[in-house]
Amino acid sequence: MIIAPQDSEAAGTAALLLAAARNNAEWVAAVCRDGAFSGSVWSSARRTPPLYPDAVSLTPRASAADVVAGIDTGSPGCSVKDSFAVLDLAPAGFEVLFEARWIHRPAGPPGPVAPQAAGAVRWSEVRTAAELEAWEAAWGGGAGTGLFHAELLARDLVFLAGRSGGRIVAGAVASAGGGVVGVSNLFTAAGPGSDPAGAVDAAWAAVLGAVAARWPGLPVVGYEHGEDLDAAVRAGFTPIGPLRVWLHTARPD
């Protein structure tokens, strides 16, 4: 049997999407310190922290009933990450919060970045609970809340911090799992007179360099939308598939 190139490419993309969904669900589970994996869904019966979903579909075969069965839709903020953008959760009281695209980049070092974009930012790994608290404060634009707990520092992931003048001005998370490395929570804090797009490009380059050094040979995945997706494409990523995040908005009668 001869496999057409397009069939092989489609199979490769499907495998990457499964790996990206699993990787992201493992990251969510680590942050939430709760929940369980089934064959097609990760879900938490207890409300998850803000910005983190109560369920993540792991395969396109997961049904609406599968993802809703194990979560608390009665408390405010309940959400679902529809990793393959195939679910209809409207009958269960959900509305689409946003849509994004999974992205993929083959293993390898980052491309060049203009020196003026990188500026004086120096990158390193976050290694202590105090550094992690400072990282979260920079990421959230204020004081840390303990969302990113110190137990995460013992896992196969890394919080990367870009520092300038003694303070954290950029950062990202890279986590291994599912045969890929997922990059998430990338941020920059561009100051007056700076080049925001250039700062983001420099951040992507720094993160990809760190990933290539720590996990050589592993492809990189994530998801983005809008201008953040444009920046990821500039960094060498390719969009490979859609996802949706649903928010439960129906009120009990």
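So, here is what we can say about the structure in this document. (Residues numbered from 1 in each chain as written. Predicted model: local features only at pLDDT ≥ 70, side-chain atom pairs only at ≥ 80, totals over all residues. Heavy atoms only, no water.)

Strand order in the open sheet made by the 11 strands is S1-S2-S3-S4-S11-S5-S10-S9-S8-S7-S6, with mixed pairing throughout. At either end of the open sheet lies a strand with only one pairing partner, and these are strand S1 (36–37) and strand S6 (122–125). The pairing of strand S3 (residues 55–57) with strand S4 (residues 79–82) spans 2 bridges and is parallel. Bridge pairing links Ala-55 to Val-80 in S4. (Pairing = 2+ DSSP bridges. Helix = DSSP H or I, 4+ residues; strand = E, 2+ residues; numbered from the N terminus.)

Inspection of the entire model under this criterion finds 9 salt bridges. Between Arg-234 and Asp-201 there is a salt bridge, with the nearest N and O atoms lying 2.9 Å from each other. Pair noted here: Arg-234 is in helix H6 (residues 226–234) and Asp-201 is in helix H5 (residues 196–214), with a separation of 33 residues, a long-range link. For Asp-201, a relative accessible area of 24% gives the class partly exposed. (Salt bridge = Lys/Arg side-chain N within 4 Å of Asp/Glu carboxyl O. Buried < 20%, exposed > 50% of the residue type's maximum accessible area, 1.4 Å probe, protein only.)

This part takes up the environment of Ala-212. Tracing the backbone through its elements, the reader meets Ala-212 in helix H5. Accessibility expressed as a relative area gives 25% for Ala-212, which makes it partly exposed. Spatially, the C-alpha atom of Ala-212 lies 8.3 Å from that of Pro-110, the residues being 102 residues apart in sequence. If sequence neighbours within four positions are ignored, Ala-212 has contacts with Gly-108 and Pro-109. (Contact = heavy atoms within 4.5 Å.)

In a regular helix each residue adds 1.5 Å, so 19 residues correspond to 27 Å; H5 covers 27 Å between its end C-alpha atoms and thus fits that length. Buried within H5 are the following residues: Gly-198, Val-200, Ala-202, Ala-203, Trp-204, Ala-205, Val-207, Leu-208 and Val-211. (Expected span 1.5 Å × (residues − 1).)

By the definition in use, this model includes 0 disulfides. Unpaired in this structure, Cys-32 has its nearest cysteine sulfur neighbour in Cys-78, at a distance of 12 Å. Since its relative accessible area comes to 0%, Cys-78 is described here as buried. (Disulfide = S-S within 2.5 Å.)

Another aspect to go through is the nonpolar core. In this structure, Trp-27, Tyr-52, Trp-135, Phe-148, Leu-152 and Phe-159 are the most contacted members of the largest nonpolar core, which totals 23 residues. Ranked by residues supplied to this core, first place goes to helix H1 (residues 5–32) with 7 residues. Not counting residues up to four positions away in its chain, the partners in contact with Tyr-52 are Trp-27, Val-28, Val-31, Cys-32, Ser-79, Leu-147, Phe-148 and Asn-185. (Core = buried A, V, L, I, M, F, W, Y, C linked by side-chain atoms within 4.5 Å.)

To continue, consider helix H4 (residues 129–140). When the terminal C-alpha atoms of H4 are compared, their 16 Å separation across 12 residues agrees well with the 16 Å that a helix rising 1.5 Å per residue should span. Along H4, the positions that sit buried rather than exposed are Leu-132, Trp-135 and Glu-136. Taken end-on, H4 shows its buried residues confined to a sector of 100°, consistent with a single buried face. The exposed set on the far side of H4, more than 90 degrees from its buried face, consists of Ala-130 and Glu-133. (Arc of directions from axis to C-beta.)

Now for the packing of aromatic side chains. Going through the model one piece at a time under the given rule, you end up with 12 aromatic pairs. Taking 5.0 Å as the distance between ring centres and 70° as the angle between the ring planes, the aromatic pair formed by Trp-139 and Phe-148 counts as edge-to-face. Classification of Trp-139 by relative accessible area gives partly exposed; the value is 23%. Residue class for Phe-148 comes out buried when judged on its relative accessible area of 3%. Relative to Phe-237, the ring of Trp-204 has its centre 4.9 Å away and its plane inclined at 55°; by these criteria the two rings are tilted. With Trp-204 in helix H5 and Phe-237 in the loop between H6 and strand S11 (238–248), this residue pair connects regions lying 33 residues apart in the sequence. Grouping residues by exposure puts Trp-204 and Phe-237 together as buried. One aromatic cluster in this structure is built from Trp-27, Tyr-52, Trp-135, Trp-139, Phe-148, Phe-159 and Phe-187. Sitting over the ring of Phe-37, Arg-22 keeps its end group 4.1 Å from the ring centre. (Phe/Tyr/Trp six-rings, centres within 6.5 Å; stacked < 30°, edge-to-face > 60°. Lys NZ or Arg CZ within 6 Å of the ring centre and 35° of its normal.)

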